[in-house]
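A structural walkthrough
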Amino acid sequence: SHPTADRFRDASGRRLQAGGDCHNIELWWRGLVCEDLTLMTVRRFLLNPSRTAKQGAQINVGKESPEYQAIVNTLTMHPDDMQSLGVAAGDSVRVKTEHGEATFQCEKGNVPEGMIFVPYGPPTCRLMGGSTEGTGMPLSKGWEVDVEKI
């Protein structure tokens, strides 16, 4: 066995049995943990943006208010999904689409596993393309997005 490969473990701490050199670089970016270095975990989720009642109430205060900014910069995720990413409430995550990326503060919530919820706002605008398919609003529902802890 390769001496460096023996130092890698999966997310549960089980030592990986790698014979010879590590050839599959994708494994490195999918969350392997080395005794010396924790590499990024990236997972694919279904994005579900929409408006919230809190967001509507805060619009009277103004979109530049700290309260409104906190709302639109928060992502809600199922607790098991948070655990699989190694994310705790309040941690930052990066969400990427084919059009762009945005950073959110993570919170646990009543969201189906494999789905994330984000309120519409400036961060979600960075995730959307320009196509409206004639609806007047850029398409944003049901996208598969990559999420990683930062």
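Further up the page is the structure itself.
This section reports on the structure supplied with the text. On a predicted model such as this, the values are computed, not experimentally measured, just so you know.

Let us look at the sheet that holds strand β7 (residues 115-119). The strand order β3-β7-β4-β6-β5-β8 describes a closed barrel built from 6 strands, whose pairing is mixed. In this sheet, adjacent strand axes meet at a mean angle of 45° when their direction is disregarded. With 6 bridges joining them, strand β3 (residues 42-50) and strand β8 (residues 143-149) adopt antiparallel strand pairing. Looking at the pairing, Val-42 lines up with Glu-148 of β8.

What follows deals with the pairing of strand β5 (residues 92-96). Here 5 bridges tie β5 to strand β6 (residues 101-108), and the two strands are oriented antiparallel to one another. Across the sheet, residue Arg-94 finds its bridge partner in β6, namely Thr-103. From the end of β5 to the start of β6, which pair antiparallel, there are 4 residues. Pairing of β5 with β8 involves 4 bridges; the strand directions are antiparallel. Each bridged residue has a counterpart across the sheet, and for Val-95 the counterpart in β8 is Val-147.

Inspection of the secondary structure puts His-78 in the loop between β4 (74-77) and α4 (79-85). A polar contact of 3.0 Å, which involves the side chain of His-78, links it to the backbone nitrogen of Asp-80. Setting aside anything within four residues of it in sequence, one finds His-78 in contact with Gly-109, Val-111, Pro-112 and Glu-113.

The subject of this paragraph is the nonpolar core. For soluble globular proteins, nonpolar side chains are generally found buried alongside one another. If you look at the biggest cluster of nonpolar residues, it comprises 20 residues, and the most contacted ones within it are Leu-75, Met-77, Val-95, Phe-104, Ile-116, Val-145 and Val-147. Only β3, β4, α4, β5, β6, β7 and β8 provide two or more residues apiece to this core. Beyond its immediate sequence surroundings of up to four residues, Leu-75 is in contact with Val-93, Val-95, Phe-104, Gln-105, Cys-106, Glu-107, Ile-116, Phe-117 and Val-118.

Evaluated as defined, the whole model comprises 7 salt bridges. Salt-bridge contacts for Asp-91 lead to Lys-149; the nearest nitrogen and oxygen are separated by 3.7 Å. Here the residue Asp-91 occupies a position in the loop between α4 and β5, and Lys-149 occupies one in strand β8, the gap between them amounting to 58 residues. A relative accessible area of 22% means that Asp-91 is categorised as partly exposed. Given a relative accessible area of 36%, Lys-149 falls into the partly exposed group. Connected through salt bridges with shared partners, the residues Arg-94, Lys-96, Glu-101 and Glu-148 form a single ionic network.

Criteria and cut-off values
- Residues numbered from 1 in each chain as written.
- Predicted model: local features only at pLDDT ≥ 70, side-chain atom pairs only at ≥ 80, totals over all residues.
- Heavy atoms only, no water.
- Pairing = 2+ DSSP bridges.
- Helix = DSSP H or I, 4+ residues; strand = E, 2+ residues; numbered from the N terminus.
- Axes fitted to C-alpha atoms, helices over the stretch in contact; angles between N-to-C directions.
- Polar contact = N/O pair within 3.5 Å; in protein donor to acceptor, adjacent residues only side chain to side chain.
- Contact = heavy atoms within 4.5 Å.
- Core = buried A, V, L, I, M, F, W, Y, C linked by side-chain atoms within 4.5 Å.
- Buried < 20%, exposed > 50% of the residue type's maximum accessible area, 1.4 Å probe, protein only.
- Salt bridge = Lys/Arg side-chain N within 4 Å of Asp/Glu carboxyl O.

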